[in-house]
Structures are given as C-alpha cells and as structure tokens.
Amino acid sequence: MTQRRAEIGVIGGSGFYAFLDDTTEISVHTPYGPPSAPVTLGVVADRQVAFLPRHGLRHEFPPHRVNYRANLWALRELGVRRVFGPCAAGSLRPEIEPGDFVVLDQLVDRTWGRTDTYVDGPVAGHVTFADPYCPELGQVVLRAGGAMTDLTVHEGGTVVVIQGPRFSTRAESAWYRSAGWGVINMTQYPEAYLARELGMCYAGVALITDYDTGLEGVEGIEPVTMEQVFKMLARAVSRTRDLLFAAIPDVPEAAGCHCRDALSSGPLGPDYA
Ligand SMILES: [Zn+2]
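All values derive from a computational prediction rather than experimental measurement.

Caption draft 1: Summary view of the overall build of the chain. Secondary structure assignment for the chain yields five helices and 11 strands. Expected size for 273 residues packed as a compact globule is a radius of gyration near 19 Å; at 18 Å, the chain falls within 12% of this value. C-alpha atoms of the chain, sized along the principal axes, occupy 55 × 40 × 35 Å. The 273 residues of the chain split such that 56% are buried.

Caption draft 2: The arrangement of the packing of helix H1 (residues 68–77) against helix H4 (residues 188–197) in detail. In contact at an axis separation of 9 Å, H1 and H4 are set at 40° when each is read in the N-to-C sense. Put simply, H1 runs oblique to H4. The interaxial crossing formed by H1 with H4 has right-handed handedness. Contacts from Tyr68, Arg69 and Leu72 of H1 reach H4 at Pro190, Glu191, Leu194 and Ala195. Classifying every residue of the contact of H1 with H4 gives five nonpolar, no polar and two charged.

Caption draft 3: Main features of the packing of helix H2 (residues 135–146) against helix H5 (residues 226–247). Packing of H2 against H5 brings their axes to within 8 Å, and their N-to-C directions diverge by 115°. On the basis of their axis angle, the class for H2 and H5 is roughly perpendicular. In this structure, H2 crosses over H5, and the sense of that crossing is right-handed. The segment H2 lies against H5, with Val140, Val141, Ala144 and Gly145 engaging Leu243, Ala246 and Ala247.

Caption draft 4: The arrangement of the pairing of strand S9 (residues 158–162) in detail. By the criterion of burial, S9 is predominantly enclosed, with five of the five residues buried. Side chains Thr158, Val160 and Ile162 project from S9 onto one buried face, and the interleaved Val159 and Val161 project onto a second face that is buried too. Where strand S7 (residues 106–110) lies against S9, five bridges are found, and the strand directions are parallel. The residue bridging Arg110 from the neighbouring strand is Ile162, located in S9.

Quick notes on the rules
- Residues numbered from 1 in each chain as written.
- Predicted model: local features only at pLDDT ≥ 70, side-chain atom pairs only at ≥ 80, totals over all residues.
- Heavy atoms only, no water.
- Helix = DSSP H or I, 4+ residues; strand = E, 2+ residues; numbered from the N terminus.
- Rg over C-alpha atoms; globule rule 2.2 N^0.38 Å.
- Buried < 20%, exposed > 50% of the residue type's maximum accessible area, 1.4 Å probe, protein only.
- Axes fitted to C-alpha atoms, helices over the stretch in contact; angles between N-to-C directions.
- Parallel < 35°, antiparallel > 145°, perpendicular 65-115°, else oblique.
- Left-handed = near helix turned anticlockwise from the far one by under 90°.
- Contact = heavy atoms within 4.5 Å.
- Nonpolar A, V, L, I, M, F, W, Y, C, P; charged D, E, K, R; others polar.
- Pairing = 2+ DSSP bridges.

Quick look at the structure:
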C-alpha cells in the first residue's frame, strides 16, 4: 500500500481534464495496468483530493477503452475512499435541461464486453449493487448545488449507460424514455460498480449536454452531435468545478453510509483498511 495521499477522489469526464491548482502529479502502477493519466493531488479546503481525467489528458480513451479498473484501483491505492464521478450525459426528459446537473440514484447497464469486476477468482464474491450510488455523497452535492443560484441540480435520476461510442437511435431513445429513465451516458458503468467492489463511496453527477435524439413533438431540437456536446462542455466544466469545490468541504470526515460494507463480499475482504 502506498502512503495515504488523498481521501477524496474526482474522476473528470469529457472536457474536464484539470481540477486543482497547485498540484503534484503522481504516476500510479496498478495490477490492472496504467490508469488513464497520472493522478494529480491537491487540497480543497484542507481536504486532500486526487484528480484523474477519465478519458486521458488528450481524450485518447473512448468510453469502451477506459481502463476503469486501473482508475479506481489507483485512487484507492492513494487512500481515496470517497469518489465524485462527474460525467457528461444526455437528457431523456424535457424537464432535465441542457446545463442542468442530475445527482444520479439508479443505473441501467446496457454496455457489453467491458472488464467490470475485480473478482476474478479464486474466491467468488457477489457484491450488492441494488443502490449503486452513495446517498451521503449525493446529499452533499445537492446541498452544495442548492446554495448556488446559477445552476439547477436535480435530486435523483436513473442513468442508462450505453456502450458507445455511437449515440443512440431514435427507437432506442424512445425505449429508454418509455422506461422512465432520466439520462443517458457511456461511462457510469462499470465505474460506479468497481468503486463499490472496492468499498468506496461513489457519487454520479451527470452534467446534461443535450437532449439525446431530440424530444418528440418539440420542434427545433436536433439529435445530439459531438460538436454540440463539446460546445456545451466548454461552458459547463467551470460550473462543474464550482459545484465540486462547494461540495468537498461538506463531505463528512467519517462516512455515515454503508458503501464500505460491500468489502465483505468484494475482492479485498472485510478487514481491508
Ligand atoms: Zn457511501
């Protein structure tokens, strides 16, 4: 185990390649290969924070090529036990508007072929994932967002995670909407689940960039394009930073949630510190 260097982790999404000023950079080796980039370490209101850009510093890893296992392992190795996972997402509902944030509370996995577990034997564990997100960290983000006048943060929402890199078809999008799901994204799985296997808290914070394939019956809303997503992200990344900077000081020093209990059936075992 490396010396504990951070307690809170942030995994930045598309367009979000730096978080902290005045950082030190550290390359972490993991049994699963290299993470997406060196981890930067810094301080937010006396809390030690580690930042990792999910897609690499030049956005070289598309969602299905991100080494999620190495990313989460690297953060844990540095001491991180609580992770914020901001991510770009499309909206499936008219009331969730581009520019809004959604604190996710449920997840539907539509990905395939991704390495999504640390449990590779010889011991087989089955980790509870009924509630994929840490409720305590979610509340921290909601409180921070509630105190900021210039942004809307929605409480709860189901993310459907698609494989990508393509966007969804109109039929798929209509299907997801009809199921009542709120937003669509390409990276929350397996990221949120791997955090759980390691007994870490994980908050999924979706930043809405677009209305997926458009909204039926609403004129002037075109299907999502990459240009549209990145244009929105360029404006929104600083708002995401502001939201997380406001949230981090409010993270309780001692966790009041049960995310850590997953260790008992995960790869590390219940006694892992
Ligand atoms: Zn938790």
